[in-house]
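Reading the structure
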Amino acid sequence: MDKEFTPRIAAILCQWCSYTGADLAGTSRLQYPTSIIAMKVMCSSRVDPVLLLKAYLSGSDGVLLGGCHPGDCHYEVGNYHTRRRFAILKAVFDTLGLESARLKLSWISASEGPKFAQVANDYTEEIKKMGENPSKKKMFL
Amino acid sequence: MSSINLDMSAPEGVVALLKYLLSSGKVTAVLVPRRNPDTGAYDIGLIADEAGLDSAAPVDPVMLANTGQILSSLTPAKRSLAVVLKPCELRAFVERVKREQGALENVLTISYTCGGVFPLEKVIGESFADVIPNYFKRVGSGEVVDGTRDTCRACEHFVPMNADVTISIAADAGSSSGCRIYLNTDQARELVGGLEGKQSDDEFDPAVTLKLAAGRKAEKEKLFKSLAPTGDGLDGVIEVFGKCVGCHGCGRVCPICYCLLCDFESRSFDYDLPYFEKELAGKGALRLPPDTIFFHLGRMIHMSFSCVGCGLCSDVCPVGIPVASMFKKVGEHTAALFDYVAGRDVEEKLPVMVFKEEEFSELG
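The structure contained in this document is the topic of the report that follows. (Residues numbered from 1 in each chain as written. Chains lettered and ligands numbered in written order. Predicted model: local features only at pLDDT ≥ 70, side-chain atom pairs only at ≥ 80, totals over all residues. Heavy atoms only, no water.)

Residues and elements named next belong to chain A. For strand β1 (residues 9–14), the tally of buried residues reaches six of six residues, placing the bulk of the element in the interior. Burial of the side chains of β1 extends over both faces: Ile-9, Ala-11 and Leu-13 are buried on one face and Ala-10, Ile-12 and Cys-14 on the other. Tracing the backbone out of β1, into helix α1 (residues 18–27) and back to the parallel element strand β2 (residues 36–41) gives a crossover that is right-handed. By the bridge criterion, five bridges tie β1 to strand β3 (residues 62–67) in an arrangement that is parallel. (Buried < 20%, exposed > 50% of the residue type's maximum accessible area, 1.4 Å probe, protein only. Helix = DSSP H or I, 4+ residues; strand = E, 2+ residues; numbered from the N terminus. Right-handed = clockwise from strand over helix to strand, strands pointing away. Pairing = 2+ DSSP bridges.)

The structure is reproduced here in structure tokens:
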């Protein structure tokens, strides 16, 4: 049963770096799993962490937020704000005993196609080991 | 001169101080908790006439609404306003000022070492007036008073931060017969300096509160431990918040939740039939109204680092969810990330508004 489990990972990627990195992975014909469902946003700081929470509670097995490397943000400082908000999100998860490992923040530049493929592969493996998101089965959530 | 002693109990002393401020014209109005002598009902009075102070109950262990929240609509004050508020209400107001929901100019903040307040359920009870004398006795001797709000018993910030005037009540056994008024700022010395009483250069000494601080800390640890849900992770969250009826009352009374249109009440989370059908197809059964647990966790993400632990949210919850205790617990963790203390300093920026280039490198 576990072997057949294909995670669904909501990947929210900034259009200047991580999404372009994902594109590069594709045009370079690098293999990465179909578990990654990519969504493009203008900047990682555009994403209210509450939306990542929503994805988690709605049954995403993993939630990946991708942005430019610190210092390289197209809007100069957006990803620094993202990082702080993500730290808060993780702290809330950890304090409540929720699986914060289902949330991932990753900096991937536009030229890092191989890194994107690597992150997608590694994270998918990690989530496979964790199994399904338990929220899918919680009828009282 | 930094302090004035009056030969009367602390509650009487605060009223005398307010009367002086109004009669001398130093302030045009005061904002202070009152008690209706006919009905026993508490409220917060905005009083310009000295006679109106006869019903003032400035330091009674009651919090009807967070004065910090109310103060927003009275500021920026054009003319001087004196406000009596609990330490957590002052911290809440400072948090609001940081969010541009008020201003400290022309406001004389009068606060006190706080013994905690009783849940509203208790306050509206018939015998509440009898509770008060014993309360002040126990508070004066530095005890943690049982029956007060969970977050009050666990509150370590009962000494006001940055108040213009501090009244010594909690952990001050002399407060039943003498009122010690400490003037902490130039504004306080200018406005209150003329009050008749025994003047001295004494400044407030937080050392006298150490015993109470230790008692509160022990209570806090006990409270946090008792909050540990029996279920793990999601089950635990469902156990604690699963009773929510989705009234959003906790957010309404929260002094930090200032948004006029809350994100969780906006169209962003207003679902239609196709959404429910899709969700239902995956799960087989849904909990309605939707997003009740999501709302609490979402609020924690948005503002827990600013939570002052006033406890109003728990008080208004119709189904008895320990909202305030959970927020206090989570808030301590989120604030600790940034070494942040809500309401400590009005110049301290909200942690989500600033950043350091080198931090949280383990996250990405």
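From this point, things continue past the structure.
The next thing to look at is the interface of chain B and chain A. Counting from both sides, the interface comprises 43 residues of chain B and, opposite them, 36 residues of chain A. Interface of chain B and chain A: buried area, both sides summed, is about 3,600 Å²; carbon and sulfur atoms make up 71% of it. Looking only at chain B, the three residues that lose the most surface to chain A are B:Leu234, B:Lys283 and B:Ile301, adding up to 20% of its buried area. Here chain B and chain A share three salt bridges between them. In this structure, A:Arg84 engages B:Glu359 in a salt bridge whose closest nitrogen and oxygen atoms are separated by 2.9 Å. Where chain B packs against chain A, one counts 13 residue pairs in polar contact (both at pLDDT 80 or more). It is helix α12 (residues 292–303) of chain B that contributes the most residues to the side of chain B that touches chain A, seven residues altogether. Its residues assigned to classes, the side of chain B that touches chain A comprises 26 nonpolar, six polar and 11 charged. (Contact = heavy atoms within 4.5 Å. Buried area = accessible area lost by both parts, 1.4 Å probe. Salt bridge = Lys/Arg side-chain N within 4 Å of Asp/Glu carboxyl O. Polar contact = N/O pair within 3.5 Å; in protein donor to acceptor, adjacent residues only side chain to side chain. Nonpolar A, V, L, I, M, F, W, Y, C, P; charged D, E, K, R; others polar.)

All names here are of chain A. Burial analysis of helix α2 (residues 49–57) places eight of its nine residues in the buried class, which makes it a mostly covered element. Along α2, the residues that are buried comprise Pro-49, Val-50, Leu-52, Leu-53, Lys-54, Ala-55, Tyr-56 and Leu-57. Phi turns positive one or two residues past the end of α2, at Gly-59, with a value near 105°.

A few words now on the packing of aromatic side chains. Throughout the structure, instances matching the rule amount to 18 aromatic pairs over all chains. Chaining the aromatic ring pairs together yields one cluster made of B:Tyr42, B:Phe118, B:Phe128, B:Tyr135 and B:Phe136. Cation over ring: A:Lys54 sits above B:Phe294, and NZ or CZ is 5.0 Å from the ring centre. (Phe/Tyr/Trp six-rings, centres within 6.5 Å; stacked < 30°, edge-to-face > 60°. Lys NZ or Arg CZ within 6 Å of the ring centre and 35° of its normal.)

Moving on, we get to the state of the cysteines. Covalent bonding between the sulfur atoms of two cysteines defines a disulfide. By the definition in use, this model includes one disulfide over all chains. The cysteine A:Cys14 is free of any disulfide, with A:Cys68 supplying the nearest cysteine sulfur at 3.6 Å. Considering cysteine sulfurs only, B:Cys152 is the nearest to B:Cys114, which forms no disulfide, with 6.1 Å between them. (Disulfide = S-S within 2.5 Å.)

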